[in-house]
Amino acid sequence: MKVTTAALPLLPLCQRLLPDLPGLPNIPGLTELTSLPGRLTGLSMTLLKASALEVAILAGHLLLYPSGIIQERRPAPPLPRAGLEASEPDPPTCRLPAPANTPVVLLHGFIDNRSVFLLLRRSLAQHGRHQVDSLNYSPLTCDIRTAAELLGRHVEEICERTGSERVDVVGHSLGGLIARYYVQRLGGDRRVRTLVTLGTPHSGTRVMPLADAHPIVRQMRPGSAVIEELSRPTPGCRTQFVSFWSDLDQVMDPLETACLDHPDLIVQNVRVSGVGHLALPVHPAVATGIRQALDTVEAEAGPVAEGRAGSGGRAGGLTVA
């Protein structure tokens, strides 16, 4: 009996780790806990695999990081037509016909660069999406609002260059929060058709309290001015949101902060099981889910959006491990 009583404070933790475990409150004998050791062993193996994958991805990313420091090259503007004098103005340029697929903009996370999207870009290209742009913002950026304005100018340039009226955006971690600010607060819903976020702290994260020295980290905290702005009403927002969140994301505290919950937004939250924060923009199974999200024109259609809910439904899931 003393052992049973001592175990009571651990029951909420067991319920969170093992949500499918029935009837934990039946204390006498705790017969329902007979399978707990096996399940905890399975959980430990999943954590071990995810941690090993995170270490491998981090090592690979450190090697690739220098290749992504320089901003992506843009197509050169057309040369003046032969026969025109230097003093003569160039004839008005014609807009290109709209691409078959909506252009995609990739936006990296905190202290990162476009190299994190190497495998995702390759996956998108292999499945017919060749209009893919990556935007680097400086690691010295101290304001999400400033980065969102930069994203807005970048999106306008892409629309002008490609002839497309709208783009899709995929944002990892902080990148998703920057894109969301652009959509909700700077009128970006006019340009962004679908915003896919990967491990983005939509409600703020409490992880790494010592990092508060950086202003942009403080803006990612629960209750910050930026998080409060994003929680305000956004009636008529035209962008559809797909938020991928991992149950093993070590950067999200609490885990559910990566779920987007807003009554005015068309949202689908997709739970990813078996990978950590760094694996979200890298893992091929997640890339498949991203492609499905981008190929979904209407929020009700496609396998990712089954169970759509305007207030941020959590139907749908993706098991990686």
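Residues numbered from 1 in each chain as written. Predicted model: local features only at pLDDT ≥ 70, side-chain atom pairs only at ≥ 80, totals over all residues. Heavy atoms only, no water.

Examining the side chain of Arg-291
Where we set the bar: Numbering goes from the N terminus for both helices and strands, where a helix is a DSSP run of H or I of at least four residues and a strand is a run of E of at least two. Throughout, a residue-residue contact means that at least one pair of heavy atoms, one from each residue, lies within 4.5 Å.
With respect to the helices, strands and loops of the structure, Arg-291 is situated in helix 9 (residues 284–294). If we ignore the near neighbours within four places in the chain, the residues touching Arg-291 are Ser-123, Leu-124 and His-127.

With respect to the pairing of strand 2 (residues 132–135)
For the record, the criterion: When a residue's accessible area, from a 1.4 Å probe over protein chains only, is under 20% of the maximum for its type it is buried; when over 50% it is exposed; and in between it is partly exposed. Handedness of a crossover is defined as follows: orient the strands so they point away from the viewer, and if the path from the first strand over the helix to the second runs clockwise, the crossover is right-handed.
Because side chains alternate across strand 2, one face comprises the buried residues Val-132 and Ser-134, and the other comprises Asp-133 and Leu-135, equally buried. Traced from strand 1 (residues 104–107) through helix 4 (residues 118–126) to strand 2, the parallel crossover comes out right-handed.

Things to note about helix 6 (residues 174–185)
How we decide: Any helix carries an expected span of 1.5 Å times its number of residues minus one.
Here helix 6 contains 12 residues, and its C-alpha end-to-end distance of 16 Å stays within 8% of the 16 Å for a straight helix at 1.5 Å per residue. With 11 of its 12 residues buried, helix 6 lies for the most part within the structure. Within helix 6 the residues assigned to the buried category are Leu-174, Gly-175, Gly-176, Leu-177, Ile-178, Ala-179, Arg-180, Tyr-181, Tyr-182, Val-183 and Gln-184. Phi turns positive one or two residues past the end of helix 6, at Gly-187, with a value near 75°.

Some details on the sheet that holds strand 4 (residues 192–198)
Rules: The rule for pairing is simple: two strands pair if DSSP sees at least two bridges between them. Convention adopted: a line fitted to C-alpha atoms gives each axis, helices being fitted over their contacting stretch, and angles between N-to-C directions are expressed from 0 to 180 degrees.
Pairing is parallel across the open sheet formed by 7 strands, whose spatial order is 2-1-3-4-5-6-7. The open sheet has two free edges, formed respectively by strand 2 and strand 7 (317–319), since each of these has just one partner strand. With strand direction ignored, the average angle separating the axes of adjacent strands in the sheet is 20°. Sheet analysis places strand 1 next to strand 3 (residues 167–172), joined by 4 bridges and oriented parallel. Note that in strand 3 the partner of Leu-107 across the bridge is Gly-171. Against the sheet, helix 6 makes contact with strand 1, strand 3, strand 4 and strand 5 (240–246), and its axis sits at roughly 150° relative to strand 4, the strand it touches most.

Considering the nonpolar core
Our working definition: Nonpolar core, defined: a set of buried Ala, Val, Leu, Ile, Met, Phe, Trp, Tyr and Cys residues in which side-chain atoms within 4.5 Å join the residues together.
Counting residues in each nonpolar core, the largest one holds 33 residues, and the members touching the most others are Ile-144, Leu-151, Val-167, Leu-174, Ile-178 and Phe-241. Sorting the residues of this core by element identifies strand 1, helix 5 (144–162), strand 3, helix 6, strand 4, helix 7 (215–219) and helix 8 (225–230) as the ones contributing at least two each. When sequence neighbours within four positions are dropped, the list of residues in contact with Ile-144 reads Leu-174, Leu-177, Ile-178, Tyr-181, Ile-216, Gln-219, Met-220 and Val-226. Listed in part, the 24 residues of the second largest apolar core include Ile-57, Val-104, Leu-124 and Val-270.

Let's talk about a nonpolar patch on the surface
Cut-off, in case you're wondering: Each patch is assembled from residues with relative accessible area greater than 30% and no salt bridge, linking like charges that lie within 9 Å and nonpolar side chains (Val, Leu, Ile, Met, Phe, Trp, Tyr) that lie within 5 Å. Each accessible area is a Shrake-Rupley result for a 1.4 Å probe, and residues are judged covered by the shown protein chains and nothing else. By definition, a salt bridge exists where a carboxyl oxygen of Asp or Glu is found within 4 Å of a side-chain nitrogen of Lys or Arg.
A cluster of nonpolar residues, Leu-64, Leu-118 and Leu-119, forms a patch on the protein surface that exposes about 230 Å² of accessible area. By the secondary structure assignment, Leu-64 is in helix 3 (residues 36–64). A residue is classified by how much of its surface remains accessible, and Leu-64, at 34% relative accessible area, is partly exposed.

Digging into the environment of Ile-158
Inspection of the secondary structure puts Ile-158 in helix 5. Sequence separation between Ile-158 and Gln-131 is 27 residues; the distance between their C-alpha atoms is 9.3 Å.

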